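Summary of structural features
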There are 2 protein chains.
Amino acid sequence: MPIIVHKYGGTSVGTPEKIKNVARKVKKVHDRGNEVVVIVSAMGHTTDELIDLMDKITDNPSPREYDMLVSTGEQVSAALLAMALQEIGCPAVSLTGGQAGVKTEDIYKKARIKDIHLDRMKKELKQGNVVVITGFQGIDSKGDIITIGRGGSDTSAVAIAAALAADVCDIYTDVDGVYTTDPRIVKNARKIENISYEEMLELASLGAQVLHPRSVECASFYDIVIHLRSSTKDITGTYIKSVAQIAREASKMEKKEPVRGIALDENIAKVGILKVPDKPGIAAHIFGALAAESINVDMIVQSIHSAGAMADMAFTVNRTDMKKAVQVTEKLKKKLAAVSVIWDPDVCKVSIVGKGMVSQPGTAAKMFDALSKAKINIQMISTSEIRVSCVVRKEQGKKAVQILHKVFGLEKVR
Amino acid sequence: MPIIVHKYGGTSVGTPEKIKNVARKVKKVHDRGNEVVVIVSAMGHTTDELIDLMDKITDNPSPREYDMLVSTGEQVSAALLAMALQEIGCPAVSLTGGQAGVKTEDIYKKARIKDIHLDRMKKELKQGNVVVITGFQGIDSKGDIITIGRGGSDTSAVAIAAALAADVCDIYTDVDGVYTTDPRIVKNARKIENISYEEMLELASLGAQVLHPRSVECASFYDIVIHLRSSTKDITGTYIKSVAQIAREASKMEKKEPVRGIALDENIAKVGILKVPDKPGIAAHIFGALAAESINVDMIVQSIHSAGAMADMAFTVNRTDMKKAVQVTEKLKKKLAAVSVIWDPDVCKVSIVGKGMVSQPGTAAKMFDALSKAKINIQMISTSEIRVSCVVRKEQGKKAVQILHKVFGLEKVR
């Protein structure tokens, strides 16, 4: 019997009415003779409400108690969905991560899933139950409740699909797929039918917030096809799969589409430390200090300063981390005998992503040329095998996306 | 090292501010070198809010999913209290019922506690942690979350105190003890310092809603002293203990106070089925049918009808069950060839309670006489070894309590 794994996010189960809708969809799939496992997130704003309560008690909650607190959100939605299924005559049972056998590392708030013991899940499936599982959580070796960090429910779903050897993991969300770029910015942005794990990883990391990078990584590791689709419209979304599988299905893809999508990340800020006397270990010093404060650094550009043996170091961080990053950098200024620290929250990052770039030289140059013609100044550049990102002034970000979408012809399938 | 077990109810942990207050109280006890275990209920209206959500999905939730849902309420308050303790420098850890080793029967919604495995609790206490445990829940043999029914958190606390061999279980609540009667009805009602399990059981069953009968029963079984006290005022409340212990402490008690307290239950209704041809098995028939509909019947009075081989059967039920009880009884009327079914929601039950009654004949007569002199008509009577209850018209209930409080001299300690 085929095993179907569905995942519904917080918006899709945000109200009792929406939960009933989900139940009706799940029942249809179950009625067709499938074994069905559903992973759910917490309802809409539940997690935020729990954190509001917490903030009134402490600024510095212990990670263990944090997990104990927030994991209740998924438990509520899982129980309610199981009830909604039973109400329409579909046998169902809800399981916490622990009950479902999701074993994690002994690290609160951001454990990785180590193993999934399927006994209970299989027993419930065998009895004909739809199994509803709380996303985002498992238990550690002590039996403590552990959440698995950002993007957790998507990752739970993919890991459970992998453990059950399901062919596909359907992730239902409030968008109907992955687009060539944000349709709010470019009207004729096109839904992508198939995209490789690697390209999706880049797009997800770059601000296309439909799917957490970690879940994509997990799917690529176990070769689980993710079908990202709308929870309200019954239409095909985007399949995220291996290059090999895409190639098998449509061998022309790689040649024809060097650029698959364009992403805009407006949530960044630029910080720079200027005229640092250039000696070995400076970068390690700066980024070590930032890491010690848990500040994630994204792009890094080091340039030799024209005045001689001095370097300028510029980097981008999440905008909410800018203040802290500036403080850390200011402290280092004297120690490193640097001249000044600068910062700028009014920047954004525009990226083009596509596996085909590797074999199509000139793609980056085409991007730079297009931006230059539009009088958009590029402040920082970083590249990978399948991605080129440029930091530009924030107010020019949307325009840059529109221009690039056109230049790379993304509005039409080729 | 003495082990102290505290229980805080939903009102006492109803807001983040109140949780912080509880944390400060608990820390003081911990600072004095005690091992401390705290059992908590769900915050204020959390459980009601969860049930509101549920009601929007189903009228008939499966008991398993009900437990899965409502048990999250205690998990939230336990995590928040542990955080509040840590915030003021008191090491603490929260445990779910399952993590705390509370094993229940495999019955959802109303299991009894079977056993408590102390390993984890003892380990945490040894490490110097205050252990905060979710009341009202445990796990069954399958690892499913099970709630233990009405009065659950009080019972959890008493059972855990028993397992830990604590001397006293402090139950903090929004009243400061057990009174001779409701102070809102009788102004000079007096707080009782010591009361026996049996008397407390009767008072609790009769509407003195400070403590659930089940927790008292559990305490009597393991001889755990309950100290019922105010969560806001630092004063002695009421000790609930065995007769033997009370007698050791003050041997005069039993002789001097035949009546210890007076209870008023306004939540009842009377139902009667009249002129039932009297033959064996009628009572079993009627009360079997009511039990099948989960209607709890309290007082039962059967009287031979003056007209001959016929009986009148009257009983009281919880007022919310009256309609259903009348329906059940109406259905039986034809079958049993009874003449009519009557009902009356405007009644109440006044009871006097005291162990000393057994050895003081005339206590019941004194009650009937006092009510009669006040022109309060008694509709039904039921008695036990340590209790006399009368059903009277609802609007006369408070007056009856005031008169009896005076007649039995409860305003002064003797």
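Everything that follows concerns the structure shown earlier in this document.
Residues numbered from 1 in each chain as written. Chains lettered and ligands numbered in written order. Predicted model: local features only at pLDDT ≥ 70, side-chain atom pairs only at ≥ 80, totals over all residues.

Re the overall build of chain A
Let me state the cut-off plainly: Working definition: helices are DSSP H or I runs of at least four residues, strands are E runs of at least two. Numbering for both runs from the N terminus. Atoms considered for the radius of gyration are the C-alpha atoms alone. The globule rule reads 2.2 Å times the number of residues to the power 0.38. Residues with at least 20 neighbouring C-beta atoms inside 10 Å of their own are called buried, those with 12 or fewer are called exposed, and the rest are partly exposed, where every C-beta is derived from the backbone.
The helix and strand inventory of chain A stands at 14 helices and 20 strands. The globule rule puts the C-alpha radius of gyration for 414 residues at 22 Å, and the 23 Å found for chain A is close to it. Along the longest, intermediate and shortest principal axes, the C-alpha atoms of chain A span 75 × 55 × 35 Å. Looking at chain A as a whole, 49% of its 414 residues qualify as buried.

Some remarks on the interface of chain B and chain A
Worth spelling out the cut-off: By definition, residues are in contact whenever their C-beta atoms, placed on the basis of the backbone, come within 7 Å of each other. Here the nonpolar group is Ala, Val, Leu, Ile, Met, Phe, Trp, Tyr, Cys and Pro; Asp, Glu, Lys and Arg are the charged ones; every other residue, Gly included, is treated as polar.
Taken together, the contacts link 29 residues of chain B with 29 residues of chain A. The leading source of residues in the side of chain B that touches chain A is helix α3 (residues 63-87) of chain B, at 14 residues. Class assignment for the residues of the side of chain B that touches chain A results in 16 nonpolar, eight polar and five charged.

Remarks on the relation of the copies chain B and chain A
Note the threshold: For this overlay, a least-squares fit was computed on C-alpha atoms, restricted to residues scoring pLDDT of at least 70 in both copies.
Mapping chain B onto chain A is achieved by rotating through 180° and translating by 0.1 Å along the same axis, at an RMSD of 0.1 Å. Taken together, these values place the two copies in the relation of a two-fold axis. Within chain B, T72 of chain B has its C-alpha nearest the rotation axis, a separation of 2.6 Å. With an isologous cut-off of 70% or more, the 100% of interface residues of chain B that recur at the interface of chain A puts this contact in the isologous class.

With respect to the sheet that holds strand β12 (residues 238-241) of chain B
Residue and element names in this part refer to chain B. The cut-off we apply is this: Pairing between strands is defined by DSSP: at least two bridges between them are needed. Helix axes are fitted only over the stretch in contact, all axes being lines through C-alpha atoms; the angle between N-to-C directions runs from 0 to 180 degrees.
One open sheet accounts for eight strands, arranged β3-β6-β2-β1-β9-β11-β12-β10; its pairing is mixed. In this open sheet, the two edge strands, each paired with only one partner strand, are β3 (92-95) and β10 (194-196). For this sheet the average axis-to-axis angle between neighbouring strands, irrespective of direction, equals 20°. Bridge count for strand β2 (residues 35-40) against strand β6 (residues 130-134) is four bridges, and the pairing is parallel. Across the sheet, I39 pairs through a bridge with I133, a residue of β6. The strands touched by helix α1 (residues 16-31) are β1 (3-8), β2 and β6; relative to β2, the strand with the most contacts, the crossing angle is about 155°.

Digging into the sheet that holds strand β20 (residues 387-393) of chain A
Residues and elements named next belong to chain A. Taken together, four strands build an open sheet; the order of strands is β13-β18-β20-β19 and the sheet is antiparallel. Across the chains shown, the open sheet's two edge strands, defined by having one partner strand only, are β13 (261-265) and β19 (380-384). Within this sheet the neighbouring strands show an average axis-to-axis angle of 20°, counted without direction. With seven bridges joining them, strand β18 (residues 347-353) and β20 adopt antiparallel strand pairing. Looking at β20, one finds that C348 is bridged to V392.

Some remarks on the nonpolar core
Our working definition: One nonpolar core equals one set of buried Ala, Val, Leu, Ile, Met, Phe, Trp, Tyr and Cys residues connected by C-beta atoms within 7 Å.
With 240 residues, the main nonpolar core has L81 of chain A together with L81 of chain B as its most contacted residues. Not counting the four nearest positions on each side in its chain, L81 of chain A is found in contact with V13, I19, V22, A23, V38, V40, S94 and V132 of chain A.

Quick notes on α3 of chain B
Where we set the bar: In a helix, the anticipated span is given by 1.5 Å times the number of residues less one.
The end-to-end C-alpha distance of α3 of chain B is 37 Å, a good match for the 36 Å that 25 residues give at a rise of 1.5 Å each. Downstream of α3 of chain B by a residue or two, G89 of chain B has a phi angle that is positive, lying close to 85°.

Regarding the packing of helix α5 (residues 152-163) of chain B against helix α7 (residues 213-222) of chain B
All names here are of chain B. Test applied: Reported orientations rely on four angle classes, namely roughly parallel under 35 degrees, roughly antiparallel over 145, roughly perpendicular from 65 to 115, and oblique for the rest.
Their axes nearest at 8 Å, the elements α5 and α7 cross at an angle of 10°. Relative to α7, the element α5 lies roughly parallel. For the pair formed by α5 and α7, the contact residues are D154, T155, V158, A159 and A162 on the first element and R214, S215, C218, A219 and Y222 on the second. Looking at the contact of α5 with α7 residue by residue, the class counts come to six nonpolar, two polar and two charged.

Looking at the pairing of strand β20 (residues 387-393) of chain B
All names here are of chain B. The buried fraction of β20 amounts to six of the seven residues, a majority that puts the element mostly inside the structure. Pairing of strand β19 (residues 380-384) with β20 involves five bridges; the strand directions are antiparallel. Its bridge partner lying in β20, S382 is registered against S389. Connecting β19 to the next strand, β20, in antiparallel fashion are two residues.

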